[in-house]
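Residues per chain are reported as follows:
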Amino acid sequence: MLRITIPGLEMWDEEQGVFVPPKDQVLQLEHSLVSLSKWESKWCTPFFSKKEKTDEEMLDYIRCMTITQNVSPDTYLRLTEENIKEIHEYIEAPMTAYNMPKDKKATGGRETIIAELIRYWMISLNIPCEYEKWHLNRLLALIDVCNVKNTPPKKRSRREIMSRNKALNDARRQQLNTRG
């Protein structure tokens, strides 16, 4: 979870004729399957696509990530460049020690990753639905690990088996100084 502080605006109180000191707003954000689902249901497009997101789409994704209750819509308009940078770093953070292959990105290969596909992976790998609130990169890493661990080892061809056995036999002959 990410906590950011959005600076407040100094307001004018017309009744008392004074400036009211600004109040900062603290937001708690979560980059998770829940926020991804909310965003994709509104925009009807995959979040993980090669297409660049508009400022409006990214601002809306930040709204979808917000778990703080009763946030005024104009609060998001006061996000600073530093806030935006911090949010992007949080979204990109791996949140795990697992190094996922860069070309794969969680078993998807060239497949476009959408919320429903991630839920399918979770169901097929028996990952509990409570994990949908995990940081999305951590969830994708877990899916990848489960997929790798559940994949049976590749069977060797007859040629590979024969070659391996020949190499073992040659090594034993040399070690024991025999001819066969």
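Preceding block: the structure.
A brief report on the enclosed structure follows.

All right, on to unusual backbone geometry then. At Cys 44, a position not held by glycine, the phi torsion is positive, near 50°. Relative to the helices and strands, Cys 44 resides in the loop between helix H1 (33–43) and helix H2 (55–65). On the basis of relative accessible area, Cys 44 is assigned to the exposed category, the value being 67%.

Looking at helix H4 (residues 115–124), one finds that the buried residues are Ala 115, Leu 117, Ile 118, Trp 121 and Met 122. Along the axis of H4, the buried positions cluster into a sector of 165°, meaning they face one direction only. Of the exposed residues in H4, those oriented more than 90 degrees away from the buried face are Glu 116, Tyr 120 and Ile 123. Close packing links the buried residues of H4 with H1 and helix H5 (136–150). Directly after H4, the chain includes Asn 126, whose backbone phi takes a positive value near 60°.

The next subject is the packing of H1 against H2. In contact at an axis separation of 8 Å, H1 and H2 are set at 135° when each is read in the N-to-C sense. By the angle between their directions, the pair H1 and H2 is classed as oblique. Seen from above, H1 lies across H2 with right-handed handedness. Counted together, Ser 35, Leu 36, Lys 38, Trp 39, Lys 42 and Trp 43 of H1 and Glu 56, Glu 57, Asp 60, Tyr 61, Cys 64 and Met 65 of H2 form the full contact between these two elements. By residue class, the composition of the contact of H1 with H2 is six nonpolar, one polar and five charged.

Attention shifts here to the packing of aromatic side chains. Evaluated as defined, the whole model comprises five aromatic pairs. Arranged with centres 5.5 Å apart and planes meeting at 85°, the rings of Phe 47 and Phe 48 form a pair that is edge-to-face. For Phe 47, a relative accessible area of 8% translates into the label buried. On the basis of relative accessibility, which here comes to 29%, the residue Phe 48 falls in the partly exposed class. Through a chain of ring-to-ring contacts, three or more aromatic side chains come together here, namely Trp 39, Trp 43, Phe 47, Phe 48 and Tyr 61. Across the ring face of Phe 47, the terminal group of Lys 53 is positioned such that the distance to the ring centre comes to 5.0 Å. Sitting over the face of the ring of Trp 134, Arg 138 holds its NZ or CZ atom 4.1 Å from the ring centroid.

Moving on, we come to the nonpolar core. Generally speaking, soluble globular proteins have nonpolar side chains that are buried together. In terms of nonpolar packing, the biggest core is built from 34 residues, with Ile 4, Leu 29, Leu 33, Ile 87, Ile 118 and Ile 143 touching the most fellow members. Counting residues per element, the ones that place at least two in this core are strand E1 (2–6), strand E4 (25–29), H1, H2, helix H3 (81–92), H4 and H5. Tallying contributions element by element places H2 first for this core, with six residues. Ile 87 has contacts with Leu 2, Ile 4, Leu 29, Ile 62, Met 65 and Leu 79, leaving out every residue within four places of it along the chain.

On to the pairing of E1, then. Only one face of E1 is buried, namely the one carrying Leu 2, Ile 4 and Ile 6, since none of Arg 3 and Thr 5 on the opposite face is buried. Where E1 meets E4, five bridges bridge the pair, whose relative direction is antiparallel. Paired with Ile 6 across the strands is Gln 25, a residue of E4.

Turning our attention to empty space enclosed by the protein. Inspection of the entire model under this criterion finds one cavity of 30 Å³ or more. Volume-wise, the largest cavity comes out at about 40 Å³. The wall of the largest cavity is formed by Trp 39, Thr 45, Pro 46, Ser 49, Lys 51, Glu 52, Lys 53 and Glu 57.

Across all of its chains, the model carries six salt bridges by this definition. Ionic pairing is found between Asp 170 and Lys 166, a salt bridge with its closest N-O pair at 3.0 Å. Here Asp 170 pairs with Lys 166, and both are found in helix H6 (residues 158–176), just four residues apart, close to one helical turn. Note on Asp 170: relative accessible area 32%, which makes it partly exposed. Residue classification places Lys 166 among the exposed residues on the basis of a relative accessible area of 53%. Linking Asp 170 and Arg 173 is a salt bridge whose minimum nitrogen-to-oxygen distance equals 2.8 Å. Pair noted here: Asp 170 and Arg 173 are both in helix H6, with a separation of three residues, about one helical turn. When salt bridges with common partners are traced through the structure, they connect Lys 42, Asp 60 and Arg 63 into a single cluster.

What counts and how
- Residues numbered from 1 in each chain as written.
- Predicted model: local features only at pLDDT ≥ 70, side-chain atom pairs only at ≥ 80, totals over all residues.
- Heavy atoms only, no water.
- Helix = DSSP H or I, 4+ residues; strand = E, 2+ residues; numbered from the N terminus.
- Buried < 20%, exposed > 50% of the residue type's maximum accessible area, 1.4 Å probe, protein only.
- Arc of directions from axis to C-beta.
- Contact = heavy atoms within 4.5 Å.
- Axes fitted to C-alpha atoms, helices over the stretch in contact; angles between N-to-C directions.
- Parallel < 35°, antiparallel > 145°, perpendicular 65-115°, else oblique.
- Left-handed = near helix turned anticlockwise from the far one by under 90°.
- Nonpolar A, V, L, I, M, F, W, Y, C, P; charged D, E, K, R; others polar.
- Phe/Tyr/Trp six-rings, centres within 6.5 Å; stacked < 30°, edge-to-face > 60°.
- Lys NZ or Arg CZ within 6 Å of the ring centre and 35° of its normal.
- Core = buried A, V, L, I, M, F, W, Y, C linked by side-chain atoms within 4.5 Å.
- Pairing = 2+ DSSP bridges.
- 1 Å grid on protein atoms, 1.4 Å probe; cavity = no way out; pocket = protein on both sides within 12 Å on 5 of 7 lines; lining within 4 Å.
- Points joined across faces, edges and corners; volume = space filled by probe spheres on them.
- Salt bridge = Lys/Arg side-chain N within 4 Å of Asp/Glu carboxyl O.

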